[in-house]
Amino acid sequence: MSSAWLNTELEIYESHVALDTVGQAAAIREAIREATESLKPASFLYLGCAGGNGLEALSNARVVGLDLNDAYLAKARERWPSAELIQCDLNQSLPAVGSFDLAFGALVFEYIENLKGLIQQLAAYVDGHLVVLLLATREGAPAVADSPYKERLQPVGREFKYLSTEHFIETASKAGFELAEQKEIALPAGKYFISIKLRRRL
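Because the structure is a prediction, the values reported are computed rather than measured. (Residues numbered from 1 in each chain as written. Predicted model: local features only at pLDDT ≥ 70, side-chain atom pairs only at ≥ 80, totals over all residues. Heavy atoms only, no water.)

Moving on to the overall build of the chain. Counting its secondary structure elements, the chain contains six helices and seven strands. Start at the N end of the chain and walk to the C end: the helices and strands fall as α-α-β-β-α-β-β-α-β-α-α-β-β. Its C-alpha radius of gyration of 16 Å places the chain within 12% of the 17 Å reference for a compact globule of 202 residues. Principal-axis analysis of the C-alpha atoms places the extent of the chain at approximately 45 × 35 × 30 Å. Burial analysis of the chain (202 residues in total) assigns 52% to the buried set. Taking all contacts inside the chain whose residues are at least 6 apart in sequence as the whole, residues at least 24 apart take part in 67%. Entry remark: accessible area of the chain is about 9,500 Å², with carbon and sulfur atoms responsible for 48%. Averaging the positions of the 20 positive and the 26 negative side-chain charges in the chain gives two centres separated by 3 Å. (Helix = DSSP H or I, 4+ residues; strand = E, 2+ residues; numbered from the N terminus. Rg over C-alpha atoms; globule rule 2.2 N^0.38 Å. Buried < 20%, exposed > 50% of the residue type's maximum accessible area, 1.4 Å probe, protein only. Contact = heavy atoms within 4.5 Å. Areas by Shrake-Rupley, 256 points an atom, 1.4 Å probe, with all protein chains shown as cover. Lys, Arg positive; Asp, Glu negative; His and termini not counted. Charge placed at Lys NZ, Arg CZ, Asp CG, Glu CD.)

Listed below in structure tokens is the structure:
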């Protein structure tokens, strides 16, 4: 797949989302910490793991991370040598990596061309829960929050598309998941995450 993510440096992305005026990196870390603390997974699948933000919460679990950009994974391997990190286009077939108690994805489903297909694949991988953070926006908020890195992130911003929460949950339900929890996580710059915790129906 041709994607602007392949030409975007990890340092640029991480520096942007770590800004207090953006707040996304901290929110993702906290969401992973909260999910692992409450669910105590023995195995964790990280969709769109980039540099591995939040993996400090998974010290006692098997961790598999998937990302399109192998340069991101190289940095993640330096930070998290015990994790299994695999280059993967989530718009294609997922690799054969077994099943998981918990799968997590943030700022990733908005870039998927065949959302139904990916969620159907995940239903065969997830024995427990799938936790998803979808980015949402208040009226008038910019597509990419103002920051020193905004210009260099415009190409990936053009690939981003906001998703309907209702449609996402409906698609997941048809694939074999049920909604366990839904809540909003406030962010700066007129944005917020919709946190969706799904339980696999067995």
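Along the chain, E178 turns up in strand β6 (residues 177-186). For E178 and L130, which are 48 residues apart along the polypeptide, the C-alpha to C-alpha distance reads 9.8 Å. Contacts of E178, omitting those with residues within four sequence positions, involve K197, L198, R199 and R201.

Turning our eyes to something else, we now look at the nonpolar core. Generally speaking, nonpolar side chains in soluble globular proteins are found buried as a group. Ranked by internal contacts, the top residues of the largest apolar core, which has 40 residues, are I28, F44, Y46, F104, L133 and F193. Those elements that place two or more of their residues in this core are α1 (10-18), α2 (24-39), β1 (43-47), α3 (70-79), β4 (100-106), β5 (126-137) and α5 (150-159). It is α2 that provides the largest number of residues to this core, a total of six residues. Excluding residues that lie within four positions of it along the chain, F193 makes contacts with Q24, A27, I28, L107, L133, L134, L135, K183, E184, I185 and L187. A103, L118, A123 and A175 belong to the second largest nonpolar core, which has 34 residues in total. (Core = buried A, V, L, I, M, F, W, Y, C linked by side-chain atoms within 4.5 Å.)

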